There are 2 protein chains.
Amino acid sequence: SALGTAPPDPAYTADLVATVAQLDQMSTTVPVDAPWQAANAQAWDNESLESWLAANTVNPDFRKTLVPVATRPIFGAEPGELSLLFTLFYIAASGNEKHPGTFERNFDTRNGAQMSRFVGGTQLIAIKMAKQLGRRVLLGTPVRRIEQDKGGVRVISDHHTVHAKQAIVAIPPTLCGRIYYEPKMPVARDQLTQRLPQGTLGKVAALYDRPFWRDDGLTGSVINTHGYVSFTVDDSPPGGKPGVIFGFVGGDRAREFFRKPLKKRRKLIIAEFVDAFGAKAAHPKGYFETNWSAEEWTRGCPVAIPGPGLLLAYGDSIRKPVKRIHWAGTETSTYWNGYMDGAVRSGQRAAAEVLDEL
Amino acid sequence: SALGTAPPDPAYTADLVATVAQLDQMSTTVPVDAPWQAANAQAWDNESLESWLAANTVNPDFRKTLVPVATRPIFGAEPGELSLLFTLFYIAASGNEKHPGTFERNFDTRNGAQMSRFVGGTQLIAIKMAKQLGRRVLLGTPVRRIEQDKGGVRVISDHHTVHAKQAIVAIPPTLCGRIYYEPKMPVARDQLTQRLPQGTLGKVAALYDRPFWRDDGLTGSVINTHGYVSFTVDDSPPGGKPGVIFGFVGGDRAREFFRKPLKKRRKLIIAEFVDAFGAKAAHPKGYFETNWSAEEWTRGCPVAIPGPGLLLAYGDSIRKPVKRIHWAGTETSTYWNGYMDGAVRSGQRAAAEVLDEL
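One structure accompanies this document, and this report is about it. Everything numeric in this text was worked out from a predicted model, so none of it was measured. (Residues numbered from 1 in each chain as written. Chains lettered and ligands numbered in written order. Predicted model: local features only at pLDDT ≥ 70, side-chain atom pairs only at ≥ 80, totals over all residues. Heavy atoms only, no water.)

1. Some words on the overall build of chain A
When its secondary structure is counted, chain A shows 13 helices and eleven strands. A principal-axis box enclosing the C-alpha atoms of chain A has dimensions of 65 × 50 × 40 Å. Every one of the 358 residues in chain A was classed for burial, and the buried ones make up 54%. Taking as baseline every contact in chain A between residues at least 6 positions apart, the subset at least 24 positions apart corresponds to 68%. For chain A, the accessible surface area stands at approximately 17,000 Å², while carbon and sulfur atoms represent 56% of it. One way to put it: in chain A the 42 positive side-chain charges average out to a point 7 Å from where the 36 negative ones average out. (Helix = DSSP H or I, 4+ residues; strand = E, 2+ residues; numbered from the N terminus. Buried < 20%, exposed > 50% of the residue type's maximum accessible area, 1.4 Å probe, protein only. Contact = heavy atoms within 4.5 Å. Areas by Shrake-Rupley, 256 points an atom, 1.4 Å probe, with all protein chains shown as cover. Lys, Arg positive; Asp, Glu negative; His and termini not counted. Charge placed at Lys NZ, Arg CZ, Asp CG, Glu CD.)

This is the structure:
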């Protein structure tokens, strides 16, 4: 991790190329709308990504060092927490109706899911939509209970009760499980939400007067196999004022990192940025971080992560409506599950379901 | 599964003996108070019981047929859902301070955890304790919210609010996660409850005038590798009026079984009992069943089942108090986790914690 652009450790290269090729190939047999129906679903869902790697890679350092650097930012998880079948589904889902998903489409900044940012930040989307919707958006009044009967649905929040014909619940499955339903959820749906946790992921960002790393011909992207931050990008706005380095801290690294006091965390991150970008990184004019697992209405990011056995046992309950209650959110999407694209797709699908009922 | 007492398929025997011996041996290195600190915790928690068996047994039929017959009643789960480390912990926990746990102590009816029943049913314990406690037991008023500050704790249920110095929450972890806390739970505790589902288990029972199987020298115990019911016992009260055959339906078999209509379920179970005990089993005078996953205040049985990765990531939050809130219930126990013995132990431990604070 000296200053500059070190190529991947050559000891990893053969495993890396073979593993990505093999996972991509296996993923082509996983239907994005029903991964549990893949021909090998039984075998693939009954083991973790980690145990599959242990049996199918050569260099243990590849598995222990390089793979977690990918799974921490992608899933907020270690390879041992992930169902192999879910991993393959996630690759298959990194495509669309015309193009098969691949690992590269998921992970790459060029022509991959990491390519685009929004000027002004992605929060602008929510802010602008809320403006259009006006008074129909109610904030600060979390839903605690949803009742339904033959006549309709009653959504009860701290300060309001809304009567409607149909309801769409668009929050992560684990948070769906914290709402009380009357009548109660069917067994399969409840067991699903018990088993579908959010990943463990945080982000950190350091602000500088300008993106000085560009002077040295550096992109600002680092893949760090040994740091808290697995992956960084240049997150400066157009014009480069300020210069921003942004990074993901996930899985075991996040668990260790966020237990430390803020002052210590700041110091550790800046030390990693100095190691990558030189002494100029030592004195940022600002340091920001978000620990999504601590956010009450998210409780983890970037997505819900099925462990072994879940998709086989209860996967088909992920978006099956329960009478008048419909499920949206990126976790219910086929393509681009875990991404904003998937969230939008899920909203369109749920809206179509409701329109069919009206 | 013809009438009578078939010995285990000889093709399984070598694998069975070797697997139980190996798991028992491995379990001796797992500390029951901190399984995540076992020397091999990293490797063992990163794979499922299923993937370990695939690499360490000879006859695939043993893994696919006989092992699930054990994991379904013991855990309410398939071998692919269980962390290997958790499985080893559960064996280690099937002992006490003086005797190491073994698989046999967990599973056996003679000198094992399945040996004792209570005359009148185990519910009598709760009923008699409630009588002693009198008006201090509040029913029909589920807790929705727990608030705490420097002064104490406020437990808010549908019809009552209780003020206290300390609180003990003695429900399964997944249900703990459905209570709202103010201030909110620490990240590790919340992530734990997201990841700790209850197993999938039900019970069935058929009542006859008398335990007629005893006439044929049968115990009433069946291990059925191909039925919905994995395991039965003679559950007749002393005196044998009525005769009762009781059985467990778990894991995938439970998922399939409880989707069928009641009439069909009854028919399927009676057919299995006829197959095991002969034509006299064909006309029970009663048929009962419980699907614990459908019970709102249990939502699964017999215990919470950690999948791969959980114990390493968040295991140490299972009984760590959150200021004035303490955690009890069998899932928080060291020895006899998942059993009534463990539940009692956890209550004593939590009560001692609270007394220390008062």
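2. Considerations on the environment of Thr71(A)
Residue and element names in this part refer to chain A. Along the polypeptide, Thr 71 turns up in helix α4 (residues 60-75). For Thr 71, a relative accessible area of 3% puts it in the buried group. Put simply, Thr 71 and Leu 49 are 22 residues apart on the chain and 9.9 Å apart in space, counted from C-alpha to C-alpha.

3. A look at the pairing of strand β2 (residues 152-157) of chain A
All names here are of chain A. As judged from the six bridges shared by strand β1 (residues 143-149) and β2, these two strands associate in the antiparallel manner. Residue pairing in the sheet places Arg 145 in a bridge with Ile 156 of β2. With antiparallel pairing between neighbouring strands as the criterion, β1 and β2 make up a hairpin whose turn holds two residues. Pairing geometry for β2 and strand β3 (residues 161-164), over four bridges, is antiparallel. Of the residues in β3, the one forming a bridge with Val 155 is Val 162. (Pairing = 2+ DSSP bridges.)

4. Here's the deal with empty space enclosed by the protein
Tallied over the full model, the rule gives eight cavities of 30 Å³ or more. If you trace the largest cavity, you find 19 residues lining it, with Arg195(A), Pro197(A), Gly307(A), Arg195(B) and Gly307(B) closest to the centre. Tallied by class, residues from the lining of the largest cavity come to nine nonpolar, six polar and four charged. (1 Å grid on protein atoms, 1.4 Å probe; cavity = no way out; pocket = protein on both sides within 12 Å on 5 of 7 lines; lining within 4 Å. Points joined across faces, edges and corners; volume = space filled by probe spheres on them. Nonpolar A, V, L, I, M, F, W, Y, C, P; charged D, E, K, R; others polar.)

5. Here we look at the relation of the copies chain B and chain A
The two chain copies are related to each other by a rotation about an axis together with a translation along it. Mapping chain B onto chain A is achieved by rotating through 180 degrees and translating by 0.0 Å along the same axis, at an RMSD of 0.0 Å. Both chain copies can therefore be described as sitting about a two-fold axis. Residues of chain B ranked by C-alpha distance from the rotation axis are headed by Arg178(B), positioned 2.3 Å from it. Both copies present the same face, since 100% of the interface residues in chain B are matched by interface residues at the equivalent positions in chain A. (Least-squares fit on C-alpha atoms with pLDDT ≥ 70 in both.)

6. Some words on the sheet that holds strand β10 (residues 286-291) of chain B
Residues and elements named next belong to chain B. Strands sit in the order β7-β8-β9-β6-β10 across an open sheet of five strands; the sheet is antiparallel. The open sheet is flanked by β7 (222-223) and β10, the only strands paired with a single partner. Here four bridges tie strand β8 (residues 231-234) to strand β9 (residues 243-250), and the two strands are oriented antiparallel to one another. Note on β9: the bridge partner recorded for Val 233 is Phe 246. Sitting on the sheet, helix α11 (residues 262-277) is in contact with β6 (201-208), β7, β8, β9 and β10, with an inclination near 115 degrees to β10. (Axes fitted to C-alpha atoms, helices over the stretch in contact; angles between N-to-C directions.)

7. Topic: the sheet that holds β1(A)
Residues and elements named next belong to chain A. One open sheet accounts for four strands, arranged β3-β2-β1-β5; its pairing is mixed. A strand with exactly one partner marks an edge of an open sheet, and here the two such strands are β3 and β5 (180-182). Strand-to-strand, the axes of this sheet are offset by a mean angle of 15 degrees, without reference to chain direction. Inspection of the sheet shows β1 paired to β5 by three bridges, in the parallel sense. Paired with Glu 147 across the bridge in β5 is Glu 182.

8. Structural notes on the side chain of Thr200(B)
Among the secondary structure elements, Thr200(B) is positioned in the loop between α9 (187-194) and β6. Reaching out from Thr200(B), the side chain makes a polar contact with the side chain of Gln191(A) at a distance of 2.8 Å. A polar atom in the side chain of Thr200(B) sits 3.2 Å from the side chain of Arg255(B). Discounting residues that sit within four places of it in the chain, Thr200(B) has contacts with Gln191(A), Arg195(A), Tyr314(A), Phe75(B), Gly76(B), Val249(B), Gly250(B), Gly251(B), Ala254(B), Arg255(B), Ser293(B) and Cys301(B). (Polar contact = N/O pair within 3.5 Å; in protein donor to acceptor, adjacent residues only side chain to side chain.)

9. Examining helix α11 (residues 262-277) of chain A
Residues and elements named next belong to chain A. Compared with the 22 Å implied by 1.5 Å per residue over 16 residues, the 22 Å span of α11 between its first and last C-alpha is a close match. Within α11, burial applies to Arg 265, Ile 269, Ile 270, Glu 272, Phe 273, Ala 276 and Phe 277. One face of α11 carries all of its buried residues, which in axial projection span an arc of 155 degrees. In α11, the exposed residues that point more than 90 degrees away from the buried face are Lys 263 and Lys 267. Its buried side turned inward, α11 meets β6 (201-208), β7 (222-223), β8 (231-234), β9 (243-250), α10 (251-257) and β10 (286-291). (Expected span 1.5 Å × (residues − 1). Arc of directions from axis to C-beta.)

10. Details of the interface of chain B and chain A
With 43 residues of chain B in contact, the opposing surface of chain A contributes 43 residues. Together chain B and chain A conceal approximately 3,600 Å² of surface at their shared face, both sides included; 42% is due to carbon and sulfur atoms. Looking at the side of chain B facing chain A, the largest losses of area belong to Arg178(B), Tyr180(B) and Gln194(B), adding up to 20% of the total buried there. Taken together, the connections running from chain B to chain A amount to seven salt bridges. In this structure, Asp316(A) and Arg259(B) form a salt bridge, with 3.9 Å as the shortest nitrogen-oxygen distance. Connecting chain B to chain A are 28 residue pairs in polar contact (both at pLDDT 80 or more). (Buried area = accessible area lost by both parts, 1.4 Å probe. Salt bridge = Lys/Arg side-chain N within 4 Å of Asp/Glu carboxyl O.)

11. Some words on the packing of helix α3 (residues 49-56) of chain A against α4(A)
All names here are of chain A. Where α3 meets α4, the axes come as close as 11 Å, and the angle between the chain directions of the two elements is 140 degrees. Viewed along their axes, α3 and α4 adopt a mutual orientation that is oblique. Crossing geometry of α3 relative to α4 is assigned as right-handed. For the pair formed by α3 and α4, the contact residues are Leu 49, Glu 50, Leu 53 and Ala 54 on the first element and Phe 62, Arg 63, Val 67 and Thr 71 on the second. For the contact of α3 with α4, the class distribution of residues is five nonpolar, one polar and two charged. (Parallel < 35°, antiparallel > 145°, perpendicular 65-115°, else oblique. Left-handed = near helix turned anticlockwise from the far one by under 90°.)

12. Details of unusual backbone geometry
The omega torsion across Glu182(B) and Pro183(B) is -5 degrees, close enough to zero to call that bond cis. Here Pro183(B) is to be found in the loop between β5 (180-182) and α9. Of note, the amide linkage connecting Lys241(B) to Pro242(B) takes the cis form, showing an omega dihedral of 0 degrees. Mapped onto the elements of the fold, Pro242(B) is located in the loop between β8 and β9. One non-glycine residue, Asn111(A), lies in the positive phi region at around 60 degrees. Here Asn111(A) shows up in the loop between α6 (103-107) and α7 (123-133). The residue Arg299(B) is not glycine, and still its phi comes out positive at about 60 degrees. For Arg299(B), the position within the fold is in the loop between β10 and α12 (310-314). Overall, the relative accessible area of 2% leaves Arg299(B) in the buried class.

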